[in-house]
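Commentary on secondary and tertiary structure
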Protein chains: 2
Amino acid sequence: MYSVAVEDYLKSLWKLGPNNVGTKQLADNLRVSKASATKMILRLAEKELVDHIPYKGASLTKKGELEALSIVRKHRLLETFLSQTLGLGREEIHDEAEKLEHALSKNLEMAIAEYLGNPTRDPHGHPIPGPNGELYNESDLPLCDSPINMSLTVMQVPDDDPSILSWLENNGIHPGTELKIISRDKFDGGLNVKIGAIKKRISSSIASLVKISFEVEN
Amino acid sequence: MYSVAVEDYLKSLWKLGPNNVGTKQLADNLRVSKASATKMILRLAEKELVDHIPYKGASLTKKGELEALSIVRKHRLLETFLSQTLGLGREEIHDEAEKLEHALSKNLEMAIAEYLGNPTRDPHGHPIPGPNGELYNESDLPLCDSPINMSLTVMQVPDDDPSILSWLENNGIHPGTELKIISRDKFDGGLNVKIGAIKKRISSSIASLVKISFEVEN
DNA sequence: TATAAGGATTTGCCAAGGCTAACTTTCCAA
DNA sequence: TTGGAAAGTTAGCCTTGGCAAATCCTTATA
């Protein structure tokens, strides 16, 4: 349907959304020059995939969002499949999925979803959009904004930075990990957390990328 | 590494090989104009993937052949995987594999091969090259050239024409089918064959695409 | 309020892969 | 042996998706 490049731009816009996305922000995200991003935005606007206000930014139209969600679904299903079925490590699945997602037909997507039992979370904890773009957002908080001294469960880790990912992995932090914030550094916002009986320090920059949920005890 | 287009040309050259392949033959195979094929041949020659003799044709160099075999391996592994693991039908797997093969890393290829138990035949009966391009050719005969009145086993069916494929499927002919040629039409070369107790007629054009092996009784 | 910095766009370039139309080579058959 | 058909190539054009450099907006701050 759409080319690899178009799909990549739509996905980035979605990841950076839902508000207006600036050309530079988009260009940086895709590691492309601002000129290239501008040109592509104009083409996407032509196809009615984005609304573009010159010098202000671009945002996905409904049509563009659906297209983006379809790619995101493929990506996350593939990550789940590569991890669960083929046993690839959490660090490698992102890059593999990134390439395969563009070559996945609707048919094959369905087959994989079925095979996996229609999962709703990928191995990083991200929600998997439904076949028609339905997204169930459970309003997870970033770890850095989470309440102190409560039982937290990690829901999402970032999927696009292997080095952060392996740091987290090495420190036992992945979706499902239960932890508690002991204290927050007043100066740099770093967190002292407890995983089981073990204490760890997590920098605020990393903590902002880890999403958690917590149970309200009742 | 190489672009999708380059990989497609190499694969076609390999399928049409091993002798010199003409520009028109290549162009027809890829459904592309002669001019495009010429241009690409020049580029492939530049990269030392083919030897090109102007006005005569092109043939893969060792380097080009290895590259082609790598694509063929990915294609056939994917077909096997899609068929065995995800249960796709024999008619659909070719087109899916055609798209996915270009996005498959060496790593993932290995994982799939391992997962499948390093198979040596795909679901169409075609041999799967090894990870370094090793190909075990068991010199199968086309059905149309096969001896009469002997127990034959179907080894390969063509993988690239869904209509022929489903005709064969509907008539119970796939890799593993055992059959016997009863007689050959003197005029059009059509075959009367017996599958189990059932008699069928197979046109010579289709029979030329089905490869069989036969046991020498000893 | 003026201005400089930084974001956005325009312009002009490139390479890959396509195409058609025109031209050149090859080679078969009369 | 030769003429024409078929195969191969060349030339010129198009689109997509990149880039750098120059220029144009916006906006924050002095």
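Remember, it's a predicted structure, so these values are computed and weren't measured experimentally.

So, how was this worked out
Residues numbered from 1 in each chain as written. Chains lettered and ligands numbered in written order. Predicted model: local features only at pLDDT ≥ 70, side-chain atom pairs only at ≥ 80, totals over all residues. Heavy atoms only, no water. Core = buried A, V, L, I, M, F, W, Y, C linked by side-chain atoms within 4.5 Å. Buried < 20%, exposed > 50% of the residue type's maximum accessible area, 1.4 Å probe, protein only. Helix = DSSP H or I, 4+ residues; strand = E, 2+ residues; numbered from the N terminus. Contact = heavy atoms within 4.5 Å. Domains from an automatic or database assignment. Least-squares fit on C-alpha atoms with pLDDT ≥ 70 in both. Near = heavy atom within 4 Å. Polar contact = N/O pair within 3.5 Å; in protein donor to acceptor, adjacent residues only side chain to side chain. Buried area = accessible area lost by both parts, 1.4 Å probe. Salt bridge = Lys/Arg side-chain N within 4 Å of Asp/Glu carboxyl O.

**Description of the nonpolar core**
Core analysis: the biggest nonpolar cluster contains 34 residues, and A:L100, A:L108, A:I112, B:L100, B:L108 and B:I112 have the highest contact counts within it. Of all the secondary structure elements, the ones that give two or more residues to this core are helix 4 (62-84), helix 5 (93-100) and helix 6 (106-115) of chain A together with helix 4 (62-84), helix 5 (93-100) and helix 6 (106-116) of chain B. Here this core takes 5 residues from helix 6 of chain B, the largest share from any one element. With residues up to four places along the chain from it excluded, the contact list for A:I112 reads A:L77, A:L78, A:F81, A:L104 and B:L86. Of all hydrophobic cores here, the second largest spans 19 residues; its members include A:L26, A:A27, A:A37 and A:L49.

**As for the domain arrangement of chain A**
Domain parsing of chain A yields domain 1 (4-60) and domain 2 (141-214). In this structure, domain 1 of chain A and domain 2 of chain A have C-alpha centres spaced 31 Å apart.

**Focus: the relation of the copies chain A and chain B**
Screw-axis analysis of chain A against chain B gives a translation of 0.0 Å along the axis, an RMSD of 0.1 Å, and a rotation angle of 180°. One copy is carried onto the other by what is essentially a two-fold rotation axis. Scanning chain A for the C-alpha nearest the rotation axis identifies A:L100, at a separation of 3.3 Å. Same-surface contact between copies: 100% of interface residues of chain A are shared with the interface of chain B.

**Notes on the protein's contact with DNA strand D**
Around DNA strand D sit 22 residues in total, of which A:S3, A:S36, A:K39, B:K24 and B:H52 are the nearest. Across the atoms of DNA strand D situated within 4 Å of the protein, the share located in sugar and phosphate is 69%. For DNA strand D, a phosphate oxygen lies 3.2 Å from a polar atom in the side chain of A:Y9. In this structure, a base nitrogen belonging to DNA strand D sits 3.3 Å away from a side-chain N or O atom of B:K34. Going through the elements one at a time, helix 1 (4-16) and helix 3 (34-46) of chain A together with helix 2 (23-30) and helix 3 (34-46) of chain B are the ones with two or more residues in the surface near DNA strand D. Top contributing element to the surface near DNA strand D by residue count: helix 3 of chain A, with 5 residues.

**Section: the interface of chain A and chain B**
The partner chain B presents 17 residues to the 17 residues of chain A that form the contact. For the pair chain A and chain B, the two sides together bury roughly 1,400 Å², of which 71% comes from carbon and sulfur. The largest contributions to the chain A side of the interface with chain B come from A:L86, A:A103 and A:L108, which together make up 34% of the buried area. Applying the counting criterion to the chain A and chain B interface returns 0 salt bridges. Counting every contact that joins chain A to chain B gives 3 residue pairs in polar contact (both at pLDDT 80 or more). Among the secondary structure elements, those contributing two or more residues to the side of chain A that touches chain B are helix 4, helix 5 and helix 6 of chain A. When residues in the side of chain A that touches chain B are grouped by element, the largest group, 5 residues, is from helix 6 of chain A.

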